Structure formats: C-alpha cells, structure tokens
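Spelled out, the chains give:
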Amino acid sequence: MSGTLQSGSETSGPPLLKTPLHDLHVSLGARMVPFAGYAMPVQYTGVLEEHRHTRAKAGLFDVSHMGQIRLRPRAGHTPQEAALAFESLVPVNVADLAEQRQRYAFLTDEAGGILDDLMVARTSDGLLIVANAGCKEADAERIGQAAGDVFEVERQFDRALLALQGPAAETVLAELFPSVADMKFMDFREVVWKGAPVTISRSGYTGEDGFEIGLPAERAEELARQLLAHPEVAPIGLGARDSLRLEAGLCLYGHDIDPTTSPVEAGLQWAIQKTRRPGGARAGGYPGAEVIGRQLVEGVARQRVGLRPQGRAPVREGVELFADGQGKRKIGRVTSGTFAPSLNAPVAMGYVETGCEAPGTRIYAGLRGRYVPVEVCALPFVPARFKR
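Residues numbered from 1 in each chain as written. Predicted model: local features only at pLDDT ≥ 70, side-chain atom pairs only at ≥ 80, totals over all residues. Heavy atoms only, no water.

K.L.:
Is there a simple way to explain the pattern of salt bridges in this structure?
P.N.:
It is possible for side chains bearing opposite charge to pair when their charged atoms get close. Enumeration over the complete set of coordinates arrives at 26 salt bridges. With a closest N to O distance of 3.5 Å, Arg282 and Asp96 form a salt bridge. You can see Arg282 sitting in the loop between helix H7 (238-247) and helix H8 (289-298) and its partner Asp96 sitting in the loop between helix H3 (79-86) and strand E6 (102-108), a full 186 residues away along the chain. In this structure Arg282 comes out as partly exposed when scored by relative accessible area, which is 23%. Of the residues examined, Asp96 reaches a relative accessible area of 48% and is grouped as partly exposed. (Salt bridge = Lys/Arg side-chain N within 4 Å of Asp/Glu carboxyl O. Helix = DSSP H or I, 4+ residues; strand = E, 2+ residues; numbered from the N terminus. Buried < 20%, exposed > 50% of the residue type's maximum accessible area, 1.4 Å probe, protein only.)

K.L.:
Help me out: how do you make sense of the sheet that holds strand E15 (residues 302-309) in this one?
P.N.:
Across a sheet, strands are paired by hydrogen bonds formed along the backbone, either parallel or antiparallel in direction. Taken in spatial order, the six strands close into a barrel running E15-E18-E17-E16-E19-E20, and their pairing is antiparallel. Going from strand to strand, the sheet's axes swing by 45° on average, the running direction of each strand aside. Pairing of strand E16 (residues 320-322) with strand E17 (residues 330-340) involves three bridges; the strand directions are antiparallel. Each bridged residue has a counterpart across the sheet, and for Phe322 the counterpart in E17 is Lys330. (Pairing = 2+ DSSP bridges. Axes fitted to C-alpha atoms, helices over the stretch in contact; angles between N-to-C directions.)

K.L.:
Honestly, the packing of aromatic side chains in this entry has me stumped. Any pointers?
P.N.:
Aromatic ring pairs are reported here in terms of the distance separating the ring centres and the angle at which the planes meet. The final tally for this structure, using the stated rule, is five aromatic pairs. Relative to Trp193, the ring of Phe177 has its centre 6.4 Å away and its plane inclined at 50°; by these criteria the two rings are tilted. Note that Phe177 is positioned in the loop between helix H5 (169-174) and strand E11 (188-193) and Trp193 in strand E11, a separation of 16 residues in sequence. One exposure class covers both Phe177 and Trp193, and it is buried. Measuring from centroid to centroid gives 4.0 Å for Phe185 and Phe386, while their planes differ by 5°, and the two rings are stacked. A residue pair is termed long-range when its members are at least 10 positions apart, and Phe185 in the loop between H5 and E11 and Phe386 in the segment after strand E20 (370-377) qualify at 201 residues. Residue class for Phe185 comes out buried when judged on its relative accessible area of 17%. Overall, Phe386 belongs to the partly exposed group, its relative accessible area being 23%. Counting every residue linked through ring pairs, the aromatic cluster contains Tyr104, Phe106 and Trp270. Geometry around Tyr351 places Arg302 over its ring, the cationic atom sitting 4.7 Å from the centre. (Phe/Tyr/Trp six-rings, centres within 6.5 Å; stacked < 30°, edge-to-face > 60°. Lys NZ or Arg CZ within 6 Å of the ring centre and 35° of its normal.)

So yeah, pure geometry; function would need other evidence.
Here is the structure:
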C-alpha cells in the first residue's frame, strides 16, 4: 500500500481515477479522499469503529487501486524459466515457489534501496504480482525490461481487488467459495465464479486472517454487495486500514520503506531466503546484491523498530528521535505513527541507530520543543492471527 491520505477531495493535478466500486462507496456514505491518484474511501462510520469491527468480525476493503501484473512465459520457454528471469529483479526465491503459493518480495535498486514491495503468486502458467498503486506503472515497465524473450508482461490494472479481513473472513467467504476453508496463510487459488475468472489469496494487510480476491471490474460490485449482505461484514476505509497495518507492524511503502531504505535496515531480511543470500545456490544476481549481501553479513547502521510513546499523544511521521531528553543526540526518525485502538495507546515505527534498537530502550521524541519519552519495542504490536 502506498500513497498519502489527504483530508480534501480535490487535487490540483489530473482528475482522480475511480475504482470499480466508486459508486458503491458513495452510496454507502463513504468520505472520499485522494490516494495514490485515486478517489478512495477513508472511512464510512468512523476509523475507530471500523478498526474494531475488523479485529472482531470481518471488514471488506477496496484495494482495486493496486496493480495486478501477469507474467507468462513466451513460446519456447517454461514457467520455471520465467520465474528465474524475474529473480533478476528481486532478492527473493521465486523459482522454488510452489504452484498455488505466494511470497512477499521487493524490487531493489543498485544501491540496495527498495523500489516497491510486492506479493508474488505462482500460477499454473507463470506469476501474478500485486504492486503498490503509486508504483505499478514503473514496476510493470521495469519488469518488462527484464523479460527479454523469456516472458510477457500483462498489465491487469483494470481488474478489481477486494480484501476481506478478520476472524469471520473464512466463514463468510466459504459461503461463496467453499474451497477457501482448506487454504492456509499465503495459499493462492484460481477459481471461476459465475463464469468470471477469480484469484484468491489467503493474505492481507491487517495482521488478521483474511483473503484478497481479484476479479473482473464489471463483477466487483456484485461480489462486494453479496459479501456486505453478511451480518458479520462491514465496509472499511483507508483510515482503519492504516491503523490495522501499523498495529501489525507492516510497512507502508513511501513511508517506512522506500529507495533510501534497504531490506536489511527495514528488518525484512526474513523475506530473503537462504538460497539467495551470500553462499546460497542462487546468491546475488539482482540490483543492489552486493550492498544487501554485505549488510546481511556485516549488519547495518540503523534499523526499523517499534515505538511506544509514553502518554496519550501520537508521535507522527517525521518526528525526530533522540538518545537523550535534551535533544542533544539525534538517533533517528519516526516513519509511521497513530493511535492504536486495539491497545488504547499510541504506537509508531521508525529508524534508530544500531545500538538503540533493543526492546525496552528508552529514547525521546522531539515534539514542539518538548522531548517525550518513547520505549523501543518488538514488532508487531498486536500478534498476527494468520491461519498457518
């Protein structure tokens, strides 16, 4: 998820794009805001209520602004060759990804920075990639440049994408797609619904169990209305999506990760499998491999951490962090911060100097001339409830 929530509904740039569910959002009374070039619902009944509903029951999110990209092998090549070719862009083991499974990945640049983070699913005939809205065009172009004669790139930006998240998600979705009850976290399926091709992954951006459903734009409202007719389901906007993902310790592209941050600094080295690390069977071969490989071995000068401000005031993005209560030694910066409804307290994430990253370390946030105590803590703030 990328972009910045804005309070207004107008921009000075080009006209905002609309997702296939735009009219439904308006009919449900959503407050619409500009986000990554789209008019998107920030809330319906209120962020706090929507957040808590998702944690307790099931929330339906419109994420159709994100980019779906298909990679299929060209004549004379195999899906395995396509996966190996795609590995030239990412430090992730894609070639060994089993069919009907997906994996978190990121595109990197020559300096080891993160150009975008992605979900990559292995299909029967290639790969399906879900990219962030603000990066999808550049991602597709970059992937196309790496394709050569091995695979073709199909932008499926006109397809809808819905996310159903929360403890009731399986029960609700199984009424329409019974096979989802057999899926585990990060499983992927391709099914047919009323004649329409549908993709379903057991994943999401909230820390809750749930699913992401891709389908043709013209069928999106029909499916959304069927899901919303269930008493456990409510529509959820971007405001609660942001507080949910922050409680889950998940990065927001353009804020917690970007080209100035490496996967190791961001604490995402868990996504770099052994086979792609130094000494692995397919080590390197992607942009920034030398930098990232060295960081995996030698460590980094700063690290992403969880932060628990003392008191009730949220510590927002951009706030500077200090080792002392007088603001004499700056050690980092907050990249995301909000009030966490599940904890009834403020939470934040940011980067601090290595040596200040241990949970329990007390540091200070500079707020309008004051230095507020902040405790470094482990992520996530709220334990994940994925179906393993």
